[in-house]
Every structure is written in C-alpha cells, then in structure tokens.
Amino acid sequence: MRFWSNDPWRQMRRLRNEMDSLVSQLGRPRAATFPPVNIWTSQDGVVVTAELPGVDPSKLEINAMRDTITIRGERAATEAETERTWHRRERGTGRFSRTIELPYVIDADSVEASCRDGVLRIGLRRPEAEKPRRIEVRSS
C-alpha cells in the first residue's frame, strides 16, 4: 500500500489522526484493537479479513461508504463467564466497532461478506472509473 496519494489533504488528515491517537495513548497501556484485521489490495479491489471468534455472523453489521468500512457487532459473555472469579481474562466481551480507512474509493453496492471458522472476509470492488488506466504513448 502506498502512503502518498494524489490528495495531500487526505494524507495530512490521516497523519493527524495517527498523531492524535499516539498522543492520547501516552502514559496509558495500549488496548488491543478489536477485531484484528488484515487488508490487501489489487487493481480490482480490497480484501479485509477480521478475526471474530465467538461472534454470531448473523448479528454483524458492515457499512461501506466511499473509502471507509465499519464493522460492528457484539461478542456475548456466556453464563459461565459471568459466574466465575477470573485469574486472567484477555478475551473481551461486549460491543465493538472498528472503522477502517481504505486506500481508495470502493463500490459500496458490490461489497461481499462471508464468515468461516471465526474469520470474516469482506471483498470490496473498486469502481471502473477509479481504476488506474494504462495510457499508450504514441510516437510521431
């Protein structure tokens, strides 16, 4: 993924958001971001995978708009989890929301999502008008 794009203001906003995030975390232990994601791109689109163990796929909410995607859901606590005294508890429960900025605009009408073995896979296509085109150079 390239860092700089044709829109320097977008990149400045992204840099500012990251700096704000770093400054807000000073002096505090860093909380894990949930769900953890992998993102990869091609000329045709973006694929996002997210690890969601213990989350009912039918209760996930996925919203895609322009160059962002938001994943929302809830990992419910089981009855046994609420009645125990814990020694260590690293797997959280409750509501979550994660918004991811994508490297380019996507076609929100062609988003496809599936979940298998606790891994959510979201395919996001790039509109034809947004795809890079090869320009042939003619000699005179």
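Everything discussed here concerns the structure shown above.
Please read all numbers here as calculations on a predicted model, not as lab measurements.

**Considerations on the sheet that holds strand 7 (residues 119-125)**
Here we have four strands laid out as an open sheet, ordered 1-2-7-6, and antiparallel in their pairing. Two strands lie at the open edges of the sheet, namely strand 1 (37-41) and strand 6 (112-116), each paired on one side alone. When strand polarity is set aside, the average angle formed by the axes of neighbouring strands in this sheet is 15°. One ladder, built from five bridges, connects strand 1 with strand 2 (residues 45-51); its direction is antiparallel. From the neighbouring strand, W40 faces strand 2, where its bridge partner is V47.

**What about the nonpolar core?**
Membership of the largest hydrophobic core comes to 16 residues, with the highest contact counts inside it found for L102 and L124. Of all the secondary structure elements, the ones that give two or more residues to this core are strand 2, strand 4 (68-75), strand 5 (94-101) and strand 7. Ignoring anything within four residues of it in the chain, the contact list for L102 reads R10, R14, V46, V48, D67, T68, I69 and L124.

**Side note on the sheet that holds strand 3 (residues 61-65)**
Spatially, 3-4-5 is the arrangement adopted by the three strands of the open sheet, whose pairing is antiparallel. Here the strands that pair on one side only, and so sit at the sheet edges, are strand 3 and strand 5. The sheet shows a mean angle of 10° between the axes of neighbouring strands, direction not considered. The pairing of strand 4 with strand 5 spans eight bridges and is classified as antiparallel. Residue pairing in the sheet places T70 in a bridge with T99 of strand 5.

Cut-offs used in this document
Residues numbered from 1 in each chain as written. Predicted model: local features only at pLDDT ≥ 70, side-chain atom pairs only at ≥ 80, totals over all residues. Heavy atoms only, no water. Pairing = 2+ DSSP bridges. Helix = DSSP H or I, 4+ residues; strand = E, 2+ residues; numbered from the N terminus. Axes fitted to C-alpha atoms, helices over the stretch in contact; angles between N-to-C directions. Core = buried A, V, L, I, M, F, W, Y, C linked by side-chain atoms within 4.5 Å. Buried < 20%, exposed > 50% of the residue type's maximum accessible area, 1.4 Å probe, protein only. Contact = heavy atoms within 4.5 Å.

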